[in-house]
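# Structural overview
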Amino acid sequence: PAQYQPSRSEFLDHCVTHYPFRAWCPHCLEGRGREFGHASQGGTKGHGAGPVVSFDYAFISDNNEVVTQDGFEATSEGAAKVLVVRDSRSKAVFAHVVPTKGIDEKGFSVDALVSDVKWLGYSKVTLKNDNKPAIVKLLQEALRELRVQGLQQTMEEHSPEYDPQANGSAEVGVKLLKGHFKTVRSCIESRLGHRMPVRHPLIAWMIRHAGNLINWCKKGHDGRTAYHRVRSRPFHTRLMNFGESCSFKNRSHEPVSAADGRRWHSGTFLGMDRRTGQYTLYDGTEIKLARTVMRLPDGNKWDKEALSAVNSTPWDLRRPRELEVVFKDK
């Protein structure tokens, strides 16, 4: 609105204390003027509005809190980068430890972001991020891949320059993820009696699992979880503690090892495979997926050696695709 024009006497009287704040006073404006708040625009939370999937990078550290790239580089090997993705409609949160900002050599970041969007099941979607060059390149590659895979409409949106808080949904996702990650990490470290460095491969699985736990268990004002909003049913899969030792069974058609011929094997629980709904386990040599698991007695659940032996991350399992040219009908 247009500002009130004070008289000279009013202005001089106000300058004695500068209280209360007056927008027509240039000194009040310089010292206490604030930016517009980032309130939600009317209609963006309704089901009629198109979904906006926001994403940003976060840092996790062994020591002090890291919030900038300079701080990350200063910690050297004591920090890790995390790509955090959050959907504005379902409130789903996804997280992936990534080797670098932007596009890595295996294309893991692009595939992870595309997989998250496809899991949400939208035919029309807007991807939103800030304007840092690395993350903009990731957005462009993800949009291209989504179009190739047949999404009806994909759009991009950016925050204003020098204003990262404008990407509020991603900021909320980072806050939720960091909080639950610290909770899961504290729980397992208290059971083991040892500190877990963030560069250990186990942390990459823990970050992914923490994001999934938010989707499975955190209820909103409507009494439903993000998983319930996307899948139209509650999450009922039985879970174990992250890092817990267990026994898992080979599937009936899966080849049996010639060495021992056993169907049941020992493994460490690392989360759930979102695509198939199977348990993700580490059997001492490689990552395995199993539909049937059996818990162990309390005295055998926590094996420090088995956890420290985990040497594969989700990024390590990624196999870059061969380049190909595909011709399709328009």
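Attention here is on the structure that accompanies the text. (Residues numbered from 1 in each chain as written. Predicted model: local features only at pLDDT ≥ 70, side-chain atom pairs only at ≥ 80, totals over all residues. Heavy atoms only, no water.)

## Some words on the sheet that holds strand 8 (residues 279-282)
Short version of the rule: When DSSP finds two or more bridges between a pair of strands, those strands are recorded as paired. Numbering goes from the N terminus for both helices and strands, where a helix is a DSSP run of H or I of at least four residues and a strand is a run of E of at least two. Orientation is described by axes fitted as lines to C-alpha atoms, over the contacting stretch for helices, and by angles from 0 to 180 degrees between their N-to-C directions. We call two residues contacting when some pair of their heavy atoms lies within 4.5 Å.
Across the sheet, 5 strands lie side by side as 9-8-7-6-10; this open sheet has antiparallel pairing. Each edge of the open sheet is held by one strand with a lone partner, namely strand 9 (287-290) and strand 10 (292-295). Neighbour to neighbour, the strand axes of the sheet diverge by 50 degrees on average, direction disregarded. Of the strand pairs in this sheet, strand 7 (residues 264-272) and strand 8 are connected by 4 bridges, and their pairing is antiparallel. Residue pairing for strand 8: methionine 272 is matched across the bridge by tyrosine 279. In the packing of helix 7 (residues 201-217) onto the sheet, the strands contacted are strand 7, strand 8 and strand 9, and the crossing angle to strand 7 comes to about 65 degrees.

## Overview of the nonpolar core
We count it as follows: Grouping buried Ala, Val, Leu, Ile, Met, Phe, Trp, Tyr and Cys residues that are joined through side-chain atoms within 4.5 Å yields what is termed a nonpolar core. Think of it in three bands: with a 1.4 Å probe and only protein chains considered, a residue is buried below 20% of the maximum accessible area for its type, exposed above 50%, and partly exposed in between.
Counting 69 residues, the largest nonpolar core has Phe55 and Leu127 as the members making the most contacts within it. Among the elements that make up this core, the one with the highest residue count is helix 7 (9 residues). In this view, phenylalanine 55 contacts Leu83, Val84, Val85, Leu113, Leu127, Lys128, Asn129, Ile135, Leu138, Leu139, Asn167 and Ala170; residues no more than four positions away in its chain are not counted.

## Focus: the pattern of salt bridges
For the record, the criterion: By definition, a salt bridge exists where a carboxyl oxygen of Asp or Glu is found within 4 Å of a side-chain nitrogen of Lys or Arg.
In total, this model carries 11 salt bridges according to the counting rule given. Note that glutamate 141 is salt-bridged to arginine 144, the shortest N-O span being 3.2 Å. Separated by 3 residues within a single helix, glutamate 141 and arginine 144 lie in helix 5 (residues 133-148), roughly one turn from each other. When salt bridges that share partners are traced, they join Glu141, Arg144 and Glu145 into one network.

## Side note on the side chain of threonine 268
By the element assignment, threonine 268 lies in strand 7. For threonine 268, a relative accessible area of 3% translates into the label buried. Ignoring sequence-local partners within four residues, the contact set of threonine 268 consists of Gly243, Glu244, Thr280, Leu281, Tyr282, Ala306 and Leu307.

## Topic: the packing of helix 4 (residues 108-120) against helix 5
Rules: Each angle is binned into one of four classes, with values under 35 degrees roughly parallel, values over 145 roughly antiparallel, values of 65 to 115 roughly perpendicular, and all other values oblique. Each helix crossing is assigned a hand: it is left-handed if the near helix lies turned anticlockwise from the far helix by less than a right angle, otherwise right-handed if that turn is clockwise. Polar here means any residue outside two lists: the nonpolar Ala, Val, Leu, Ile, Met, Phe, Trp, Tyr, Cys and Pro, and the charged Asp, Glu, Lys and Arg; Gly therefore counts as polar.
Contact pair helix 4 / helix 5: the axes reach a minimum separation of 9 Å and the direction vectors enclose 55 degrees. The angle between helix 4 and helix 5 falls in the class oblique. Here the hand of the crossing between helix 4 and helix 5 comes out right-handed. Residues Ser109, Val110, Leu113, Val114, Val117 and Lys118 of helix 4 touch helix 5, and the partners they reach there are Leu138, Glu141, Ala142, Glu145 and Leu146. Within the contact of helix 4 with helix 5, the residues separate by chemical class into 7 nonpolar, 1 polar and 3 charged.

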